[in-house]
Amino acid sequence: MKVAIAGAGVVGAAIFNKLSQLDIEVIIIEKNTSIASETTMANSAIIHSGYDPKPGTLKAKLNRQGNLMYPTICKNLDIKYNQSGSLTLAFSDEQFRELDKLIEKAKINNVSVKKLSKADVLTMVPKINPEVKGALFAPTAGVTYPFEVATAFIENGIDNGGLLYLDTHIMNIQEMGKKFAIETDKGNFLVDLVINATGVNASIFKSMWKKPDFNITPAKGEYFVIDNDIEITDKVLFPMPDKETKGALLIPMVSGNYLVGPNRVKTTLGDKATTQSGLDYVWASVNKIIEVPRRSIIRSFTGLRASTECGDFIIKFDDENKHWMDVVGIDSPGLASAPAIAEYVAQLMKKEFAIATKKNIIKTRQGIVPIKGKPVDEINTLIKKDPRYGNIICKCEEVSEAEIVQAIHSSVPATTVKAIKNRVRPGMGRCQGGFCQPKIIEIIARELNIPIYDVLDSNRGTNIVKRGDE
Amino acid sequence: MTNYDLIIIGGGPAGMAAATEAKAVGIKKILLIEQEKMLGGILRQCIHNGFGIKTFNEELTGPAFAQEYINIVSELDMDILTKTTVLNISDNRVLTLLNTDGAKQVKTKALIIANGCRERTRGAISTPGTRPANVYTAGHAQYLINTLGYKIGKRAFVLGSGDIGLIMARRLAWEGVEVLGIAELMPYSAGLKRNIVQCADDFNIPLYLSHTVKEIYGNDNLERITLVQVDENLKEIPGTEKDFEVDLLLYSVGLIPNNTIFKKLGIELSDITNGPIVNELMQTSKEWIFTCGNTLHVHDIVDMVVDESKNAAHGVAKYLRHSDKNIQRAKVSGANGIRYVVPQKVAISEIDNNIEFFMRSGKVFGNCHIVVTADGHKIAQFKRSFILPAEMEKVTIPKLLLIDDIKEIVIEVVEGEHE
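Residues numbered from 1 in each chain as written. Chains lettered and ligands numbered in written order. Predicted model: local features only at pLDDT ≥ 70, side-chain atom pairs only at ≥ 80, totals over all residues. Heavy atoms only, no water.

## Notes on the overall build of chain B
Phase 1 of the analysis: The number of helices and strands found in chain B is 8 helices and 27 strands.
Phase 2 of the analysis: Compactness check: chain B gives a C-alpha radius of gyration of 22 Å against a globular reference of 22 Å for 419 residues, within 12% of the reference.
Phase 3 of the analysis: Its C-alpha atoms put chain B at 65 × 60 × 40 Å along the principal axes.
Phase 4 of the analysis: Counting across all 419 residues of chain B, residues that qualify as buried make up 59%.
Phase 5 of the analysis: The contacts in chain B between residues at least 6 apart in sequence include a share of 63% that link residues at least 24 apart.
Phase 6 of the analysis: When the accessible surface of chain B is totalled, it reaches about 16800 Å², and 48% of it is carbon and sulfur.
Phase 7 of the analysis: Taken together, the 45 basic and 51 acidic charged side chains of chain B have centroids lying 5 Å from each other. (Helix = DSSP H or I, 4+ residues; strand = E, 2+ residues; numbered from the N terminus. Rg over C-alpha atoms; globule rule 2.2 N^0.38 Å. Buried < 20%, exposed > 50% of the residue type's maximum accessible area, 1.4 Å probe, protein only. Contact = heavy atoms within 4.5 Å. Areas by Shrake-Rupley, 256 points an atom, 1.4 Å probe, with all protein chains shown as cover. Lys, Arg positive; Asp, Glu negative; His and termini not counted. Charge placed at Lys NZ, Arg CZ, Asp CG, Glu CD.)

## Some thoughts on the overall build of chain A
Phase 1 of the analysis: The helix and strand inventory of chain A stands at 12 helices and 23 strands.
Phase 2 of the analysis: On C-alpha atoms alone, chain A measures out to a radius of gyration of 22 Å, which is about the 23 Å that the 2.2 N^0.38 rule sets for 470 residues.
Phase 3 of the analysis: Overall size of chain A, expressed as C-alpha extent along the three principal axes, is 60 × 55 × 45 Å.
Phase 4 of the analysis: Counting all 470 residues of chain A, 62% fall into the buried class.
Phase 5 of the analysis: Accessible surface computed for chain A: about 18600 Å², of which carbon and sulfur atoms make up 52%.

## Side note on the interface of chain B and chain A
Phase 1 of the analysis: Each partner contributes residues to the interface: chain B has 46 residues there, and chain A has 53 residues.
Phase 2 of the analysis: Each partner contributes to the roughly 3900 Å² buried at the junction of chain B and chain A, and carbon and sulfur atoms together form 51% of this total.
Phase 3 of the analysis: When residues of chain B are sorted by the area they lose upon contact with chain A, Arg131, Tyr150 and Lys151 of chain B head the list and together hold 17% of the total.
Phase 4 of the analysis: Summed over the shared surface of chain B and chain A, the result is 3 salt bridges.
Phase 5 of the analysis: The partner of Lys439 of chain A in a salt bridge is Glu36 of chain B, and the shortest N-O contact between them spans 2.9 Å. (Buried area = accessible area lost by both parts, 1.4 Å probe. Salt bridge = Lys/Arg side-chain N within 4 Å of Asp/Glu carboxyl O.)

## Observations regarding the environment of Gly266 of chain B
Phase 1 of the analysis: Secondary-structure assignment places Gly266 of chain B in the loop between helix 7 (260-265) and strand 19 (289-291).
Phase 2 of the analysis: Sequence separation of Gly266 of chain B and Ser285 of chain B is 19 residues, and the distance between their C-alpha atoms is 8.6 Å.

## Some remarks on helix 6 (residues 193-200) of chain B
Residues and elements named next belong to chain B.
Phase 1 of the analysis: Residues of helix 6 that are buried include every one of Asn195, Ile196, Cys199 and Ala200, and no others. Along the axis of helix 6, the buried positions cluster into a sector of 105 degrees, meaning they face one direction only.
Phase 2 of the analysis: Check the buried side of helix 6 and you find it contacts helix 5 (163-174), strand 12 (178-184) and strand 13 (207-209). (Arc of directions from axis to C-beta.)

## Some details on the sheet that holds strand 11 (residues 179-184) of chain A
Backbone hydrogen bonds hold the strands of a sheet together, and the pairing may be parallel or antiparallel.
Residues and elements named next belong to chain A.
Phase 1 of the analysis: The strand order across the open sheet built from 3 strands is 10-11-12, with neighbouring strands paired in antiparallel fashion. The sheet is open, and its two edges are formed by strand 10 (170-176) and strand 12 (187-191), each paired on a single side. The mean inter-strand angle of the sheet, taken between neighbouring strand axes irrespective of direction, is 15 degrees.
Phase 2 of the analysis: In terms of strand pairing, strand 10 meets strand 11 through 6 bridges, oriented antiparallel. (Pairing = 2+ DSSP bridges. Axes fitted to C-alpha atoms, helices over the stretch in contact; angles between N-to-C directions.)

## What to know about the pattern of salt bridges
All names here are of chain A.
Phase 1 of the analysis: Under the criterion given, the structure shown has 56 salt bridges over all chains.
Phase 2 of the analysis: A salt bridge links Glu155 to Arg365; the shortest N-O distance between them is 2.9 Å. You can see Glu155 sitting in helix 5 (residues 146-159) and its partner Arg365 sitting in the loop between helix 8 (334-352) and helix 9 (376-385), a full 210 residues away along the chain.
Phase 3 of the analysis: Judged by its relative accessible area of 8%, Glu155 falls in the buried class.
Phase 4 of the analysis: Here Asp331 and Arg264 are joined by a salt bridge, their closest N and O atoms 3.9 Å apart. With Asp331 in the loop between strand 21 (324-328) and helix 8 and Arg264 in the loop between strand 17 (258-261) and strand 18 (265-266), the pair connects residues that are 67 residues apart, well separated along the chain.
Phase 5 of the analysis: With relative accessibility at 9%, the residue Asp331 sits in the buried group.

## Things to note about the pairing of strand 7 (residues 94-99) of chain B
Residue and element names in this part refer to chain B.
Phase 1 of the analysis: In terms of residue burial, strand 7 counts as a mostly covered element, since 6 of its 6 residues are buried.
Phase 2 of the analysis: Judged by which residues are buried, strand 7 turns out to be covered on both faces: Val94, Thr96 and Leu98 on one side and Leu95, Leu97 and Asn99 on the other are all buried.
Phase 3 of the analysis: Pairing of strand 6 (residues 85-89) with strand 7 involves 4 bridges; the strand directions are antiparallel. The partner of Thr85 across the bridge, within strand 7, is Leu98.
Phase 4 of the analysis: Hairpin connection, strand 6 to strand 7: the antiparallel pair is bridged by 4 residues, and Arg93 has positive phi, about 65 degrees.
Phase 5 of the analysis: Judged from the 6 bridges that link them, strand 7 and strand 8 (residues 102-113) form a sheet pairing that is antiparallel. By the bridge assignment for strand 8, Leu97 is matched with Lys104.

## Some remarks on the nonpolar core
Phase 1 of the analysis: Counting residues in each nonpolar core, the largest one holds 63 residues, and the members touching the most others are Leu6, Phe65, Ile89, Leu95, Leu111, Ile112 and Ile113 of chain B.
Phase 2 of the analysis: Sorting elements by how many residues they give to this core places helix 8 (residues 302-321) of chain B first, with 9 residues.
Phase 3 of the analysis: Excluding its chain neighbours within four sequence positions, the residues that come into contact with Ile112 of chain B are Leu6, Ile7, Ile8, Ile9, Ala18, Phe290, Thr291, Cys292, Ala312, Ala313 and Val316 of chain B.
Phase 4 of the analysis: Ranked by size, the runner-up nonpolar core spans 59 residues in total, among them Leu22, Ile79, Phe317 and Ala340 of chain A. (Core = buried A, V, L, I, M, F, W, Y, C linked by side-chain atoms within 4.5 Å.)

## Describing the packing of aromatic side chains
The relation between two aromatic rings is expressed through the spacing of the ring centres and the mutual angle of the planes.
Phase 1 of the analysis: Across all of its chains, the model carries 18 aromatic pairs over all chains by this definition.
Phase 2 of the analysis: Residues Phe180 of chain A and Trp209 of chain A carry aromatic rings whose centres are separated by 4.9 Å and whose planes lie at 90 degrees to one another, so their mutual orientation is edge-to-face. Pair noted here: Phe180 of chain A is in strand 11 and Trp209 of chain A is in the loop between helix 6 (202-207) and strand 14 (219-226), with a separation of 29 residues, a long-range link.
Phase 3 of the analysis: Classification of Phe180 of chain A by relative accessible area gives buried; the value is 0%.
Phase 4 of the analysis: Trp209 of chain A gets classed as buried once you look at its relative accessible area, which sits at 16%.
Phase 5 of the analysis: Here Phe56 of chain B and Phe65 of chain B contribute two aromatic rings whose centre-to-centre distance is 5.1 Å and whose plane-to-plane angle is 70 degrees, an arrangement assigned as edge-to-face.
Phase 6 of the analysis: On the accessibility criterion, Phe56 of chain B (19% relative accessible area) is buried.
Phase 7 of the analysis: Site record: aromatic cluster; members linked through ring pairs are Phe180, Phe205, Trp209 and Trp324 of chain A.
Phase 8 of the analysis: Over the aromatic face of Phe353 of chain A sits the side chain of Lys322 of chain A, whose NZ or CZ is 5.5 Å from the ring centroid. (Phe/Tyr/Trp six-rings, centres within 6.5 Å; stacked < 30°, edge-to-face > 60°. Lys NZ or Arg CZ within 6 Å of the ring centre and 35° of its normal.)

## Some remarks on the packing of helix 1 (residues 10-19) of chain A against helix 8 of chain A
Any two packed helices are characterised by the angle at which their axes cross and by the distance between the axes.
Residues and elements named next belong to chain A.
Phase 1 of the analysis: Two numbers describe how helix 1 lies on helix 8: the axes approach to 8 Å, and their chain directions differ by 45 degrees. Taken as axis vectors, helix 1 and helix 8 run oblique relative to one another. In this structure, helix 1 meets helix 8 at a crossing whose hand is right-handed. On the side of helix 1, the interface is formed by Val10, Val11, Ala14, Ile15, Lys18 and Leu19, while helix 8 contributes Leu335, Ala338, Pro339, Ile341, Ala342, Glu343, Val345, Ala346 and Met349.
Phase 2 of the analysis: Classifying every residue of the contact of helix 1 with helix 8 by side-chain character gives 13 nonpolar, no polar and 2 charged. (Parallel < 35°, antiparallel > 145°, perpendicular 65-115°, else oblique. Left-handed = near helix turned anticlockwise from the far one by under 90°. Nonpolar A, V, L, I, M, F, W, Y, C, P; charged D, E, K, R; others polar.)

## Observations concerning unusual backbone geometry
Phase 1 of the analysis: Each neighbour pair has its own omega, and for Gly261 of chain A with Pro262 of chain A the value is 0 degrees, a cis peptide bond.
Phase 2 of the analysis: By the secondary structure assignment, Pro262 of chain A is in the loop between strand 17 and strand 18.
Phase 3 of the analysis: Cis geometry marks the peptide bond from Ser332 of chain A to Pro333 of chain A, where omega comes out at 0 degrees.
Phase 4 of the analysis: Look at Arg93 of chain B: it is not a glycine, yet its phi comes out positive at around 65 degrees.
Phase 5 of the analysis: Residue placement: Arg93 of chain B occurs in the loop between strand 6 and strand 7.
Phase 6 of the analysis: Even without being glycine, Ser126 of chain B reaches a positive phi, approximately 55 degrees.
Phase 7 of the analysis: Structurally, Ser126 of chain B is set in the loop between helix 3 (122-125) and strand 10 (135-137).
Phase 8 of the analysis: The buried category is assigned to Ser126 of chain B, whose relative accessible area is 5%.

Printed below as a string of structure tokens:
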């Protein structure tokens, strides 16, 4: 059996990882020059505890299950994970009473939470706005780095025999009896199962074959990134949603930065623009909870959520053809649910197809070792192996040349300035690549043995250095 | 572990001037550390001239100025490490250094941090819109064009009329790039007068005062920007939007001292300069750590950096001779138009012959005086035909005008003829 997963976001990556452990052929096709460069790269990075989804939904089931899987996955696949919990904060007596409803929901969803008094909250988050009345503490909530999660899933999947096709555009899809023919600009594939994990593009993608029975309505979320040279809290802070708005979050990222956001604005596909009103809203919203210094902002960005009208994940074979599976409408808590989604997909497949488990599965994966924060003796061991560990390219994030070279030559290659930034962080810091980007361009050209003119910022056509006649 | 009397972090003009002066005043064992492959700092990419009129009595290009200092420093008996990063500074005065030979620790009696500044980015000021390629800070583009010789666009716009913005607008024009305009949020330019004339006016590049970039368009590559006029409160005026199709956008919207190193050390910072608070020795709140140059506060003229860095070397020499922790210091501050003064504290008894105060105004003044008062009494005034926020001012006060137990020195601008 041969399976093609379309879309190498975190959901596609998790499915790829799971299916690579089965005795089948699996490929994953990504149109961008890098994996995980859309919704996966622009979300809240939270592994939600799972108390919040509507009980009885796929979201409720898979979020809790995914949350329980993350600690082991992150340990096995060398992914940073901070499970320091989340607080849902009440700022009025009414909100404080409303917390009981959330506790009820948590009970039904089988997620352990605790109601905190004002004093408890002040102890846990000393910098919180002292107007706080109390909070709901979800100790199993955590934060990870979604790009690294997707990378680790795919690298490990490749180790187990899966194949990644990057920068590969699917031009046409044809139903051929019990198979699908996938025509791409990098060659054609004949597969027994197509898994549609194309996120915000899911209905467009399916339209290549037939009229989709779902409709993706992208919802924009805007964020600020806060510098990692200040400390605010180690807890994810949620405001209590009120009737009008859900409010924005403060998220302590595994990199030491904070995210402020998101809002939620319905939009059209492809709209990744931040807006003044959106940014003003998230900033004001978070600063009602806790003070964030304006001068520590280093970036703002927008992510698109692949929402559907039904509000729940849609994970099922096509109603008429079991050789096509849709894994769509994966908005929040999609990241938290991703590994459980993959399990669920595998279960659905096993019911329909005779599939055996592979022998000798490689269960662990080693990420690129960063030099940042390492003690002197460990650094010297690294430098003995590769002196390029001694050459710091990104000053803000202390990223060495060795890490960048490893990212370029990884089995999930990061070959553009943006992909390298997402993978090993040069350019993520407060100077936003002003000092290191020129060096990275030259390293990419050298390592790939391509002219400097062919080095890309992100996708095709984003050549940074122009030729004289351009 | 090697022991030094003085380690200097940063081999730009501040670090090199401090090193040279430190040697001149007799500090023996010195280490100068530079992260890049050669000394010189950001001057190496500033290929325009106008550097060093005071220091070397001639107008040099940035690289030529840097080379003059590199020549001086190379003749001196001191250790120089290039391509070396300082990974950590610990309270027991041990620095962890990293280069391709490995990581090692060195000990020092005193440290001068002269690691410059960075540019405020599009991200920091949160211009709305998409996040395409080809949006750069001016210095970043300057490095790509001047140092590496790359072509990075054909039709450009510059946001911010600071010196680097103005100079890069001219540089792009020289390179055959069509520069559609320079926008400035404030009603006045943030650059030196000579740069407005020589860079914008002489090249017919329109300067849009009281304008900013409202939105950026283009998914992968920059395609277009919308410019908008702002009112006196810097609020956008609806209906004044203009679109420009460009494939290159440069930000020259301010420089920020590289202050993370100080934050990590718990050194007291100024909310106004974003750099450390220092005394007349250029000493920070950690007695063994001194600072000078753009990491202390952002300069516009390299000669002033040199003066200030020499002061830091003198400060270290004094500190190494004797250190009096309980010395009384007068508080120095700016008022009426003077945004800040460096140093912010001064021990009158420690001054040799005179003291230099560096300062910046918050607005434009014409025909005025810089007036210095000590505990409410005017002690000196300096006539100026104009004062601009873009141009740092320096005044030198002879010690004989100051008495030892002064509590507060205030420096302010007084407009008009003044006695």
